[in-house]
Amino acid sequence: MSSIVPFPIHVCGIEELEGHCATGVSHVLSILDPDRAEPEAFGSFGEHARLELRFHDIIEATEGQVAPGPEHAAAILEFGRGLLAEPTSRLLVHCHVGISRSTAGMALILAQARPEASAEAILQGVLGIREKTWPNLRLLELGDAMLGRGGTLPRAAAAIYRHQLAIRPHLAEVMRKAGRGREVDAAEAA
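Residues numbered from 1 in each chain as written. Predicted model: local features only at pLDDT ≥ 70, side-chain atom pairs only at ≥ 80, totals over all residues. Heavy atoms only, no water.

1. Quick look at helix H3 (residues 119-129)
Taken together, the buried positions of H3 are occupied by Ala-119, Ile-122, Leu-123, Gly-125, Val-126 and Leu-127. Of the surrounding secondary structure, the elements contacted by the buried residues of H3 are helix H2 (101-113) and helix H5 (152-167). (Buried < 20%, exposed > 50% of the residue type's maximum accessible area, 1.4 Å probe, protein only. Helix = DSSP H or I, 4+ residues; strand = E, 2+ residues; numbered from the N terminus. Contact = heavy atoms within 4.5 Å.)

Written out as structure tokens, the structure is:
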């Protein structure tokens, strides 16, 4: 486990939740689309603290969709403070696929837990936990501002986007078509 991670963390998508039922997680950050039913797998989990947030995986205001807002970032940070208060915490973070909203949420929790760590170290820690990391830029921007990090988390995310595009160049077009061109632009400018 990286020294940046203060407690065991698992990240997954909805389809992977059942594989985490027996891992003894104490806390779950569940990020779902607003119209998505609660995953049935949670009925098999033991007792745990759970924060459920509902917003779409977008980075710009889009008609008919719920973008990550300040209230979502604030709730993630409050949840993270509760984790730090319990020395035996084991965190599971999930979103639909376990790549974007979940990794951004995890980055905010780690940045709060390790204020002395650089944003680059935080994002590399996230990448070490979830290889397909592509953190949601809007959620990072909101949390970064609340943590007073001066934009360092979004700037560090550019290196992660660049890394992913080097491995999977087709993602540039996919992300642009999904309205996430700012992330691709950040990767190209980094």
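2. Side note on the confidence of the model for the protein chain
When pLDDT is averaged along the protein chain, the result is 91; 94% of the residues meet or exceed 70. When mean pLDDT is taken per element in the protein chain, helix H4 (residues 137-147) scores highest with 98 and strand E1 (residues 9-12) scores lowest with 88. (pLDDT = per-residue confidence, 0-100.)

3. Here's the deal with the sheet that holds E1
Read from one edge of the open sheet, four strands run E1-E4-E2-E3, paired in parallel fashion. Strand pairing shows two members of the sheet lacking a second neighbour, E1 and strand E3 (49-54), which therefore form its edges. Shown here is a sheet whose adjacent strand axes are inclined to one another by a mean of 10°, direction ignored. Taken together, the four bridges between E1 and strand E4 (residues 91-94) define a ladder with parallel strand orientation. Along E4, the bridge assignment pairs His-10 with Leu-92. Across the face of the sheet, helix H1 (residues 70-84) comes into contact with strand E2 (27-32), E3 and E4 while running at roughly 170° to E3. (Pairing = 2+ DSSP bridges. Axes fitted to C-alpha atoms, helices over the stretch in contact; angles between N-to-C directions.)

4. Digging into the packing of H1 against H2
Across the interface, H1 lies against H2 with an axial gap of 9 Å and an inter-helix angle of 50°. One way to sum up the angle between H1 and H2 is to call them oblique. Here H1 runs over H2; the crossing is right-handed. Facing Ala-73, Ile-76, Leu-77, Gly-80, Arg-81, Leu-83 and Leu-84 of H1, the residues of H2 in contact are Gly-105, Leu-108, Ile-109, Gln-112 and Ala-113. Looking at the contact of H1 with H2, its residues break down into eight nonpolar, three polar and one charged. (Parallel < 35°, antiparallel > 145°, perpendicular 65-115°, else oblique. Left-handed = near helix turned anticlockwise from the far one by under 90°. Nonpolar A, V, L, I, M, F, W, Y, C, P; charged D, E, K, R; others polar.)

5. With respect to the pattern of salt bridges
Summed over all chains, the structure comprises 13 salt bridges. Close ionic contact of Glu-16 with Arg-130 constitutes a salt bridge, the shortest N to O distance being 2.8 Å. In this pair, Glu-16 is assigned in the loop between E1 and E2 and Arg-130 in the loop between H3 and H4, connecting sequence segments 114 residues apart. The class for Glu-16 is partly exposed, based on a relative accessible area of 34%. The exposure class of Arg-130 is buried, given its relative accessible area of 15%. (Salt bridge = Lys/Arg side-chain N within 4 Å of Asp/Glu carboxyl O.)

6. Notes on H1
Between the first and last C-alpha of H1 there are 21 Å, a value that for 15 residues agrees with the 21 Å anticipated at 1.5 Å per step. Within H1, burial applies to His-72, Ala-73, Ile-76, Leu-77, Phe-79, Gly-80 and Leu-83. Seen end-on, H1 carries its buried residues on one side only, within an arc spanning 160°. Away from the buried face of H1 by more than 90 degrees, exposed residues Glu-71 and Glu-78 are located. Contacts made by the buried residues of H1 are with E2, E3, E4, H2 and H4. (Expected span 1.5 Å × (residues − 1). Arc of directions from axis to C-beta.)

7. Observations concerning the environment of Gly-179
Looking at where Gly-179 falls in the secondary structure, it is placed in the loop between helix H6 (171-177) and helix H7 (181-189). Since its relative accessible area comes to 40%, Gly-179 is described here as partly exposed. Considered as a pair, Gly-179 and Ala-61 are 118 residues apart in the sequence and their alpha carbons are 9.9 Å apart. If we skip the residues at most four places from it in the chain, Gly-179 touches Ile-59 and Glu-60.

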